Amino acid sequence: MVVAPELFNPEHAWYALEIVEHNLLGKLGMATLDPQDWAYDGVYDNGQDSTNSKNARGFNYHQGPEWLWVTGYFLRAKLHFAKISNHGIHVDETVAMVKRVLSAHREAIRSSPYKGLVELTNAGGVECKDSCAVQAWSMACILDVLYDLAHIKEV
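Read on for a plain summary of the structure. (Residues numbered from 1 in each chain as written. Predicted model: local features only at pLDDT ≥ 70, side-chain atom pairs only at ≥ 80, totals over all residues. Heavy atoms only, no water.)

A few points about the sheet that holds strand S1 (residues 30-31)
- The antiparallel open sheet is built from 3 strands, whose spatial order is S1-S2-S3. Every interior strand has two partners, whereas the edge strands, S1 and strand S3 (120-121), have only one.
- The sheet contact formed by S1 and strand S2 (residues 66-67) spans 2 bridges and is antiparallel. Paired with Met-30 across the strands is Trp-67, a residue of S2. (Pairing = 2+ DSSP bridges. Helix = DSSP H or I, 4+ residues; strand = E, 2+ residues; numbered from the N terminus.)

Focus: the nonpolar core
- Among the nonpolar cores identified, the biggest contains 26 residues, and Leu-75, Leu-79, Val-98 and Leu-102 are the most heavily contacted of them.
- Every element with two or more residues in this core is listed here: helix H1 (10-24), helix H2 (68-84), helix H3 (91-111) and helix H4 (136-150).
- When residues of this core are assigned to their parent elements, the largest contribution, 8 residues, is made by H3.
- For Leu-102, the residues in contact, after removing those within four places along its chain, are Leu-75, Ile-142, Val-145, Leu-146 and Leu-149. (Core = buried A, V, L, I, M, F, W, Y, C linked by side-chain atoms within 4.5 Å. Buried < 20%, exposed > 50% of the residue type's maximum accessible area, 1.4 Å probe, protein only. Contact = heavy atoms within 4.5 Å.)

Considering the pattern of salt bridges
- Taken as a whole and assessed by the stated rule, the structure comprises 5 salt bridges.
- Note that Asp-45 is salt-bridged to Lys-129, the shortest N-O span being 3.1 Å. Within this pair, whereas Asp-45 is found in the loop between S1 and S2, its partner Lys-129 is found in the loop between S3 and H4, the two being separated by 84 residues in sequence.
- Within this structure, Glu-18, Glu-21 and Lys-78 form a network of salt bridges that share partners. (Salt bridge = Lys/Arg side-chain N within 4 Å of Asp/Glu carboxyl O.)

Quick look at the packing of aromatic side chains
- Inspection of the entire model under this criterion finds 4 aromatic pairs.
- An angle of 75 degrees between the planes, with centres 4.8 Å apart, marks the rings of Tyr-61 and Trp-67 as edge-to-face.
- Aromatic side chains Trp-69 and Tyr-73 sit 5.9 Å apart centroid to centroid with 90 degrees between the ring planes, which places their arrangement in the edge-to-face category. Placement of the pair is Trp-69 and Tyr-73 together in helix H2, with a separation of 4 residues, close to one helical turn.
- According to the relative accessible area criterion, Trp-69 is partly exposed, its value standing at 32%.
- Connected via pairs of aromatic rings, a cluster forms that spans Tyr-44, Tyr-61 and Trp-67.
- The ring of Trp-14 carries the charged tip of Lys-78 above its face, separated from the ring centre by 4.2 Å. (Phe/Tyr/Trp six-rings, centres within 6.5 Å; stacked < 30°, edge-to-face > 60°. Lys NZ or Arg CZ within 6 Å of the ring centre and 35° of its normal.)

What to know about a nonpolar patch on the surface
- On the surface, Val-3, Trp-69, Tyr-73 and Trp-137 cluster together into a nonpolar patch covering about 420 Å² of accessible area.
- Locating Val-3 in the fold gives a position in the segment before H1.
- For Val-3, a relative accessible area of 66% gives the class exposed. (Patch = residues over 30% accessible without salt bridge, like charges linked within 9 Å, V, L, I, M, F, W, Y side chains within 5 Å. Areas by Shrake-Rupley, 256 points an atom, 1.4 Å probe, with all protein chains shown as cover.)

Describing H1
- Over its 15 residues, H1 extends 20 Å from the first C-alpha to the last, a length consistent with the 21 Å expected when each residue adds 1.5 Å.
- Within H1, burial applies to Ala-13, Trp-14 and Leu-17. Down the axis of H1, the smallest arc covering the buried residues is 100 degrees, so these residues share one side. In H1, those exposed residues whose orientation departs by more than 90 degrees from the buried face are His-12, Tyr-15 and His-22.
- Contact partners of the buried residues in H1: H2 and H3.
- Put simply, Asn-9 is the residue that caps the front of H1, since its side-chain oxygen is 2.9 Å from the backbone nitrogen of Glu-11. (Expected span 1.5 Å × (residues − 1). Arc of directions from axis to C-beta. Polar contact = N/O pair within 3.5 Å; in protein donor to acceptor, adjacent residues only side chain to side chain.)

So, to be careful, I would describe these as geometric facts and stop short of saying anything about function.
Listed below in structure tokens is the structure:
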């Protein structure tokens, strides 16, 4: 939505982003599948070697774990559409929400021995032992949000 916003009706986009925020936004990342979906499994364990076809050998990699890079695009879309939908009445509350979300990322960076952001977390932002400890695109997408946040008042 933030890459090609001209493809979206601003009010429809805002409504969709509200649904995504409510259903998919986690502590640090975005769930890759709605928790209400029958195939959802938010705990990624690549070493789990069972006959459970839902999650054996990491099958659920894209069916629930929370990916950090996606959060960047989501937050940027929220900022963009807050500016243009409903005559900008959502800007201040959206900026506050984005800062709240980013505060968790700041804490994650501070507490990381590598001073970076992970690839993904399990449901609820719980550490995932099979996640990459520092992922470049997780960091880059959050940096993009910070840039957009710094320029939000510019029209």
